Amino acid sequence: MNAKLTNKIATAVLYLIAGLVILLLAGLLGFILFNGVPHLSWHFLTSPSLAFQAGGGIEFQLFNSIYLLFITMIISFPIALGAGIYLNEYAKQNIFTTIIRTAIEILSSLPSVVVGLFGFLLVVVKLQLGFSILSGAIALTIFNLPLLTRSVEGSLKSIPDLQREAGAALGLSKWETVIHVIFPAALPSIVTGVVLSAGRVFGEAAALIYTAGQSAPALDFTDWNPFNAASPLNLMRPAETLAVHIWKINSEGIQPDAAQVSAGASAVLIIAVLIFNISARWIGKALYKRLTSAR
Amino acid sequence: MLENEALNTDNAPLRNIYRFGENAEIALSTHDLHVFYGDNEALSEGDLEFERYKITSLIGASGSGKSTFLRSLNRMNDNVATVKGQIMYRGIDINSKEVDVYEMRRHIGMVFQRPNPFAKSIKDNITFALKQRGMRDKNKLEEIVETSLKQAALWDQVKDDLGKSALALSGGQQQRLVIARAIAMKPDILLLDEPASALDPISTSQIEDTLLELKEKYTIVIVTHNMQQAARISDYTAFFHMGKAIEYDETRKIFTRPKVKLTNDYISGNFG
Ligand SMILES: Nc1ncnc2c1ncn2[C@@H]1O[C@H](COP(=O)(O)OP(=O)(O)O)[C@@H](O)[C@H]1O
Ligand SMILES: [Mg+2]
């Protein structure tokens with residue numbers, strides 16, 4: 001066989017594999033959207049779920065997903081940022097940092113159901129936070145932190161050392177350079193990483209089943225005092241999310257329209273995750289453009 | 001052309017380092033400088049004086065230790081290299097404990113081979129470090145932006161666009177912005193490591209003109225692998241070879257009558 005032919009065959013095989021992957025993805029997305037979108041309506045998005053009758057919506061679950069995502073990001077972003085800055089800008093190459101990096105590596109490959117059980121035992125039971133937004137947010141933070149830290153670290157690493165030297169040569173301290181030069185330059189890529197991880201967090205179910213709980217108590221959208229039980233902002237209330245809701249309906253749903261609700265909720269989830277992924281690129285690019293071109 | 005009779009190959013000295021007279025004003029000097037990367041000695045016997053308001057070129061083959069030497073002059077190699085010996089600036093060794101390295105670098109600024117403007121506006125590139133040092137006066141800052149951009153011969157090209165991102169400038173403009181940023185700190189000494197090697201000939205000659213003007217107010221030490229450049233702009237030239245300053249003299253003498261054979265070999269293009 002000559003080199004030309006080998007090359008042709010190899011190329012064809014690679015195209016075939018790539019095509020299969022795309023087909024699989026398109027099929028999956030198409031299937032979920034095709035089944036789910038017909039059930040979507042304003043009513044579906046804005047009415048509470050019903051346990052026994054047909055016609056329930058996903059109002060509280062949708063809100064819970066968004067709120068939980070928000071709280072998770074508020075907790076995990078500062079930690080990931082600090083850890084990423086430390087690892088990329090300050091950490092020396094030694095046993096200590098090798099251990100940290102390995103730990104992050106292992107944590108990031110931990111199955112989310114294990115994270116959920118750990119959250120259940122430690123946060124829900126031991127710390128007695130119960131099934132709550134807070135417990136869920138802590139579990140999601142454990143789930144999210146390793147990847148987010150690595151993404152922040154990677155974003156900082158992509159800023160050339162020339163920038164650090166520029167700061168040093170002007171008599172700026174390392175901290176001043178990191179905060180005012182390196183961080184802003186890395187911001188587009190950091191934001192992209194954050195939004196992508198938000199998509200992952202938004203769709204997560206296994207880590208939440210035993211932490212944020214499987215019930216969505218009614219919320220009073222006129223009560224914004226976080227200390228009231230029915231307040232949407234309350235951190236100590238159980239909060240079934242969209243992803244958990246889908247899992248629940250499919251495992252034990254007794255609504256007559258369980259299949260439709262599940263399909264509709266899945267479509268909403270997929271659309272949300274798609275929005276996160278697409279906007280991640282878009283926001284990153286827009287920010288970068290703002291930083292690098294005429295203002 | 002070379003007056004080769006001055007160069008007696010057999011009896012040529014191994015080194016020939018120029019010494020300034022009593023009256024010369026020395027801005028910076030090194031004494032018995034050694035720099036190590038780990039166990040590897042990249043610079044030995046660096047023993048040079050730099051006269052105030054003059055341009056001094058450091059030439060030599062790549063890997064001969066020019067950057068290593070230059071970067072120790074404002075301690076840019078603090079975390080990567082070990083420095084032994086003295087670097088005297090205004091009567092103190094810049095490596096001694098009482099020296100605040102950040103303060104020192106404001107007196108001894110540096111410009112690098114590749115232009116490295118911050119991902120900020122042209123104006124912010126210049127004012128940023130000043131603001132960090134507590135300068136708040138808007139008028140004063142604006143004045144410094146204007147004067148330093150003028151000194152770096154960039155003002156006319158950017159004066160209407162000071163809010164534009166520095167990354168949108170051409171390579172040559174970026175390098176002049178970086179020079180403006182360095183002189184905005186009002187340093188005594190400006191160190192430049194092959195500042196024009198990544199630029200086209202036109203930008204290069206603009207940078208050279210800029211340096212010739214800056215010499216009125218600043219002491220300049222420039223690493224270059226471009227011998228014509230060294231000959232064009234510098235008053236003194238030091239030739240480095242394998243980590244040693246081999247010959248140091250007035251530029252004119254280095255390029256017409258080098259005293260050391262190695263120098264002669266290098267400038268006549270026999271190696272490097
Ligand atoms: N950061 C570094 N770590 C280890 N060795 C280095 C480093 N920088 C330079 N060197 C070594 O020091 C020697 C001198 O290099 P350098 O000062 O960069 O030379 P020049 O600027 O004249 O080309 C070379 O052998 C180079 O490999
Ligand atoms: Mg060099």
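As the structure is a prediction and not an experimental result, all values here were calculated from the model.

### Let's talk about the overall build of chain B
(1) Moving on: Each helix and strand in chain B was counted, giving ten helices and twelve strands.
(2) Moving on: Computed over its C-alpha atoms, the radius of gyration of chain B comes to 19 Å, within 12% of the 19 Å expected for a compact globule of 272 residues.
(3) Moving on: Taken along the three principal axes of its C-alpha coordinates, chain B extends 65 × 45 × 40 Å.
(4) Moving on: Carbon and sulfur atoms provide 45% of the accessible area of chain B, an area that totals close to 12,200 Å².

### A word on the pattern of salt bridges
(1) Moving on: Enumeration according to the criterion identifies 21 salt bridges over all chains in this entry.
(2) Moving on: With its nearest N and O atoms 2.7 Å apart, the salt bridge here joins E89(A) to R164(A). Note that E89(A) is positioned in helix α3 (residues 59-90) and R164(A) in helix α7 (residues 161-169), a separation of 75 residues in sequence.
(3) Moving on: Note on R164(A): relative accessible area 17%, which makes it buried.
(4) Moving on: We note a salt bridge from K215(B) to D235(B), for which the minimum N-O separation is 3.2 Å. With K215(B) in the loop between α7 (201-214) and β10 (219-223) and D235(B) in the loop between α8 (227-233) and β11 (236-241), this pair connects stretches of sequence that are 20 residues apart.
(5) Moving on: Residue classification places K215(B) among the partly exposed residues on the basis of a relative accessible area of 22%.
(6) Moving on: A relative accessible area of 22% places D235(B) in the partly exposed class.
(7) Moving on: Among the ionic contacts, a cluster of salt bridges with common partners joins E89(A), D161(A) and R164(A).

### Re the UniProt feature "transmembrane region" (unreviewed entry) in chain A
Residue and element names in this part refer to chain A.
(1) Moving on: With numbering matched to this structure, UniProt assigns "transmembrane region" (unreviewed entry) to residues 12-34, 66-87, 99-123, 129-148, 178-198 and 258-280.
(2) Moving on: Here residues 66-87 is 100% helix and 0% strand, with 30 Å between the C-alpha atoms at its ends.
(3) Moving on: Its end C-alpha atoms 25 Å apart, residues 178-198 is made of 100% helix and 0% strand.

### Regarding the site of ligand 1
All names here are of chain B.
(1) Moving on: Near ligand 1 you find Y37, A42, A61, S62, G63, S64, G65, K66, S67 and T68, and these make up its full shell.
(2) Moving on: In the environment of ligand 1, an oxygen atom lies 3.2 Å from a nitrogen or oxygen atom belonging to the backbone of S64.
(3) Moving on: Between ligand 1 and S67, the relevant distance is 2.6 Å, taken from an oxygen atom to a side-chain nitrogen or oxygen of the residue.
(4) Moving on: Here ligand 1 has 550 Å² of accessible area as a free molecule, and 58% of this is covered by the chains.
(5) Moving on: The element that contributes the greatest number of residues to the shell around ligand 1 is helix α1 (residues 66-72), accounting for three residues.
(6) Moving on: Grouping the amino acids of the shell around ligand 1 by side-chain chemistry returns three nonpolar, six polar and one charged.

### Quick word on the pairing of strand β6 (residues 82-89) of chain B
Regular strands place their side chains on alternate faces of the sheet.
Residues and elements named next belong to chain B.
(1) Moving on: Summarising the sheet, strand β2 (residues 26-37) and β6 pair through six bridges and their orientation is antiparallel. When the bridges of β6 are listed, H31 appears paired with Q86.
(2) Moving on: Relative to strand β7 (residues 92-93), β6 is paired through two bridges, and the arrangement is antiparallel. Residue Y89 lies in a different strand from β7, and its bridge partner there is I92.
(3) Moving on: The antiparallel hairpin formed by β6 and β7 contains two residues in its connecting segment, where R90 sits at a positive phi of about 45°.

### Some details on the side chain of N64(A)
All names here are of chain A.
(1) Moving on: Structurally, N64 can be placed in helix α3.
(2) Moving on: N64 gets classed as buried once you look at its relative accessible area, which sits at 0%.
(3) Moving on: A distance of 2.9 Å separates polar atoms of two side chains, one belonging to N64 and the other to R237.
(4) Moving on: Sequence-distant contacts of N64, that is, excluding residues within four places in its chain, are made with A216, L219, R237, A239, E240 and T241.

### Notes on the layout of surface pockets
(1) Moving on: In this structure, the largest pocket spans a volume of roughly 880 Å³.
(2) Moving on: Forming the walls of the largest pocket are 26 residues, and the residues nearest its centre are E89(A), D161(A), R164(A), K174(A) and N79(B).
(3) Moving on: Ranked by residues supplied to the lining of the largest pocket, first place goes to α7(A) with five residues.
(4) Moving on: Looking at the second largest pocket, its volume works out to about 310 Å³.
(5) Moving on: Counting residues per element, the ones that place at least two in the lining of the second largest pocket are α7 and α11 (258-292) of chain A.
(6) Moving on: Looking at the lining of the second largest pocket, its residues break down into ten nonpolar, four polar and one charged.

### A few points about the UniProt feature "domain: ABC transporter" (unreviewed entry) in chain B
(1) Moving on: The feature "domain: ABC transporter" (unreviewed entry), as annotated in UniProt, sits at residues 28-267 of chain B in this numbering.
(2) Moving on: In this annotation, residues 28-267 of chain B is assigned 38% helix and 26% strand; the end-to-end C-alpha distance for the span is 26 Å.

### Looking at the environment of G130(A)
Residue and element names in this part refer to chain A.
(1) Moving on: Here G130 lies in the loop between α5 (112-126) and α6 (133-157).
(2) Moving on: Classification of G130 by relative accessible area gives partly exposed; the value is 25%.
(3) Moving on: Each C-alpha atom, one on G130 and one on T149, is 28 Å from the other, the two residues being 19 residues apart in sequence.
(4) Moving on: Those residues in contact with G130, other than ones at most four positions away along the chain, are V123, V124, S135 and T211.

### What to know about the sheet that holds strand β5 (residues 55-60) of chain B
Residues and elements named next belong to chain B.
(1) Moving on: Strand order in this open sheet of seven strands is β1-β12-β11-β5-β10-β9-β8, and the pairing throughout is mixed. Edge strands, defined here as strands with exactly one partner in the open sheet, are β1 (16-17) and β8 (108-111).
(2) Moving on: Here strand β9 (residues 189-193) runs beside β10; their pairing, made up of five bridges, is parallel. The partner of L190 across the bridge, within β10, is I220.

### Focus on the interface of chain A and chain B
(1) Moving on: Residue-level contacts link 22 residues of chain A with 27 residues of chain B.
(2) Moving on: Between chain A and chain B, roughly 2,100 Å² of surface is buried when both sides are summed, and carbon and sulfur atoms account for 59% of that area.
(3) Moving on: The largest share of the area that chain A buries against chain B comes from L162(A), A169(A) and L170(A), three residues that together contribute 27% of it.
(4) Moving on: Applying the counting criterion to the chain A and chain B interface returns two salt bridges.
(5) Moving on: The partner of R133(B) in a salt bridge is E176(A), and the shortest N-O contact between them spans 2.8 Å.
(6) Moving on: For the pair chain A and chain B, the number of links is seven residue pairs in polar contact (both at pLDDT 80 or more).
(7) Moving on: For the side of chain A that touches chain B, the secondary-structure elements that each account for two or more residues are α7, α8 (174-202) and α11 of chain A.
(8) Moving on: In terms of residue count, α7(A) provides more of the side of chain A that touches chain B than any other element does, seven residues in total.
(9) Moving on: Looking at side-chain class alone, the side of chain A that touches chain B contains eleven nonpolar, seven polar and four charged residues.

Definitions and limits used
Residues numbered from 1 in each chain as written. Chains lettered and ligands numbered in written order. Predicted model: local features only at pLDDT ≥ 70, side-chain atom pairs only at ≥ 80, totals over all residues. Heavy atoms only, no water. Helix = DSSP H or I, 4+ residues; strand = E, 2+ residues; numbered from the N terminus. Rg over C-alpha atoms; globule rule 2.2 N^0.38 Å. Areas by Shrake-Rupley, 256 points an atom, 1.4 Å probe, with all protein chains shown as cover. Salt bridge = Lys/Arg side-chain N within 4 Å of Asp/Glu carboxyl O. Buried < 20%, exposed > 50% of the residue type's maximum accessible area, 1.4 Å probe, protein only. UniProt positions renumbered as here; feature names shortened; annotations may be inferred. Near = heavy atom within 4 Å. Polar contact = N/O pair within 3.5 Å; in protein donor to acceptor, adjacent residues only side chain to side chain. Nonpolar A, V, L, I, M, F, W, Y, C, P; charged D, E, K, R; others polar. Pairing = 2+ DSSP bridges. Contact = heavy atoms within 4.5 Å. 1 Å grid on protein atoms, 1.4 Å probe; cavity = no way out; pocket = protein on both sides within 12 Å on 5 of 7 lines; lining within 4 Å. Points joined across faces, edges and corners; volume = space filled by probe spheres on them. Buried area = accessible area lost by both parts, 1.4 Å probe.

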